[in-house]
Amino acid sequence: VTGQSADLAPADGKLYALRDVTATVESLPLIASSIMSKKIASGSNGIVLDVKVGHGAFMQTEQEALDLASLMVGIGRGMGRRVRAVISDMNQPLGCAVGNSLELLEALETLQGGGPADFRQHCLAVAGQLLLIAGVADDEAEARTRLEQLLDGGQALSRFRQWIAAQGGDLSYVDEPSKLPAARFVEEVPAPRSGYVAGIDARDIGLISMLLGGGRAKKGDVVDHAVGIVLQAKIGDQLEPGQPLLTIHANDSAKLEGARQRLLSAYTWSDEPLSPPPLIHQIVS
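What counts, and where the lines are drawn
- Residues numbered from 1 in each chain as written.
- Predicted model: local features only at pLDDT ≥ 70, side-chain atom pairs only at ≥ 80, totals over all residues.
- Heavy atoms only, no water.
- Pairing = 2+ DSSP bridges.
- Helix = DSSP H or I, 4+ residues; strand = E, 2+ residues; numbered from the N terminus.
- Axes fitted to C-alpha atoms, helices over the stretch in contact; angles between N-to-C directions.
- Contact = heavy atoms within 4.5 Å.
- Buried < 20%, exposed > 50% of the residue type's maximum accessible area, 1.4 Å probe, protein only.
- Lys, Arg positive; Asp, Glu negative; His and termini not counted.
- Salt bridge = Lys/Arg side-chain N within 4 Å of Asp/Glu carboxyl O.
- Patch = residues over 30% accessible without salt bridge, like charges linked within 9 Å, V, L, I, M, F, W, Y side chains within 5 Å.
- Areas by Shrake-Rupley, 256 points an atom, 1.4 Å probe, with all protein chains shown as cover.
- Disulfide = S-S within 2.5 Å.
- Core = buried A, V, L, I, M, F, W, Y, C linked by side-chain atoms within 4.5 Å.

Enquirer: What should I look at first to understand the sheet that holds strand E2 (residues 82-89) in this one?
Expert: Hydrogen bonds along the backbone pair up the strands of a sheet, which may run parallel or antiparallel. What the 3 strands build is an open sheet, ordered E1-E2-E10; its pairing is mixed. Looking at the sheet topology across the chains shown, the edges are occupied by strand E1 (46-53) and strand E10 (280-284). Within the sheet, the average angular offset between the axes of one strand and its neighbour, ignoring direction, is 20°. Helix-sheet contacts for helix H3 (residues 62-78) involve E1, E2 and E10, and the interaxial angle to E2 is about 165°. The sheet contacts of helix H5 (residues 117-133) involve E1, E2 and E10, and relative to E1 the element is tilted by about 150°.

Given below as structure tokens:
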């Protein structure tokens, strides 16, 4: 896991800083070159890109996501790399957890064969594309079968442990997740009405998690790894008043109070059944 540094695509750091002062943060060629320069410089010969689209993503429309994905795939192929891009949905949070320790717990649960269904399906879809470009699987069905066997058989968790150890991480947190930071206040928020969840503002959920302390509003802010939000219902789910809608994890009672009402406002409701948005919109290859 890495980002731009003095040793990895150093010119990208200078260009990135210039984008802020030249109002070119949204320039697709600069976004594509920034992302791909690091992938190529690191030596990857097979690359799968997860391009998010939706209200909670930088790319708001599918066409914008397709344009960016096509640019990045083209850059990679021009450098002789095998590249595919998965355009995936971010109109609601992926999985259920939003927050540092909470998301790690969710990842560990998924690596142990559990976890939210949508998160598991997303991981299988993205990883499956990597097996295809590596020539390890002939089609998506074979790739999925192999990945499910690795996930349910414990090999994926074993590889995760190797990955953490290789970076100098503390494996005791993988083996004993209860050691991870936990919030002082854990409050369940019930559904305010009956009906079907029609929408969850993913961007607002992320901002509220940041306000709880789970992210930085400005450089230098201290991140509280314990806080965040766990969704109990997703788009398409039917609820009755009082059933669990979400759970807030906070270390500040005032921030918890402020988050509760904002979180309820992030939901829209329908009286009629509806289907959740697709996890994967398309594959660019």
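Enquirer: Is there a simple way to explain the side chain of Arg19 in this structure?
Expert: Along the chain, the position of Arg19 falls in helix H1 (residues 10-21). The side chain of Arg19 sits in the buried core without any salt bridge; Asp12 is the nearest counter-charge, 5.6 Å away. Once you skip the residues sitting within four places of it in the chain, Arg19 turns out to touch Thr24, Val25, Leu30, Ile31 and Ser34.

Enquirer: Can you help me understand the pairing of strand E6 (residues 228-231) in this one?
Expert: Moving residue by residue along a regular strand, the side chains alternate between the two faces of the sheet. Going residue by residue along E6, you find Gly228 and Val230 tucked away on one face and Ile229 and Leu231 tucked away on the opposite face as well. The sheet contact formed by strand E3 (residues 97-98) and E6 spans 2 bridges and is antiparallel. Directly across from Ala97, in E6, lies its bridge partner Val230. Sheet topology places E6 next to strand E8 (residues 244-250); 4 bridges connect them, and they run antiparallel. Paired with Gly228 across the two strands is His249, which belongs to E8.

Enquirer: When you look at the environment of Ala6 in this model, what are you seeing that I'm missing?
Expert: Mapped onto the elements of the fold, Ala6 is located in the segment before H1. Sequence spacing of Ala6 and Phe119 is 113 residues, and the spatial spacing of their C-alpha atoms is 34 Å.

Enquirer: In this structure, what is going on with the environment of Val227? I would like to understand it.
Expert: Structurally, Val227 is set in the loop between helix H9 (202-214) and E6. Val227 sits in the buried class, given a relative accessible area of 0%. Distance from Val227 to Ala23, taken between C-alpha atoms, is 33 Å for residues 204 residues apart in sequence. Those residues in contact with Val227 that lie beyond four places of it in its chain are Val98, Gly99, Asn100, Leu102, Ser209, Leu212, Gly213, Gly214, His249, Ala250 and Asn251.

Enquirer: Before we go on, may I ask you to explain a nonpolar patch on the surface in this structure?
Expert: A cluster of nonpolar side chains, namely Leu15, Leu18 and Val21, defines an oily patch on the protein surface of about 300 Å² accessible area. Mapped onto the elements, Leu15 comes out in helix H1.

Enquirer: I tried to follow the state of the cysteines on my own but got confused; where do I start?
Expert: Simply put, disulfide is the name for a covalent bond between the sulfur atoms of two cysteines. Within this structure, the stated rule accounts for 0 disulfides. Looking at the unpaired Cys123, the closest cysteine sulfur is the one in Cys96, lying at 13 Å. What makes Cys123 partly exposed here is its relative accessible area of 32%.

Enquirer: How do you make sense of the nonpolar core when you look at a structure like this?
Expert: Counting 24 residues, the largest nonpolar core has Val197, Ile229, Leu246, Ile248, Leu263 and Tyr267 as its most contacted members. Listed by contribution, the elements that provide at least two residues to this core are strand E5 (195-200), H9, E6, E8, helix H10 (253-265) and strand E9 (267-270). The element that contributes the greatest number of residues to this core is E8, accounting for 4 residues. In this structure, Ile229 is in contact with Cys96, Ala97, Val98, Leu102, Ile205, Ile208, Ser209, Leu212, Leu246, Thr247 and Leu263, ignoring residues within four places of it in sequence. Counting residues in each nonpolar core, the second largest holds 18 residues, with Ala65, Val83, Ile87 and Val284 among its members.

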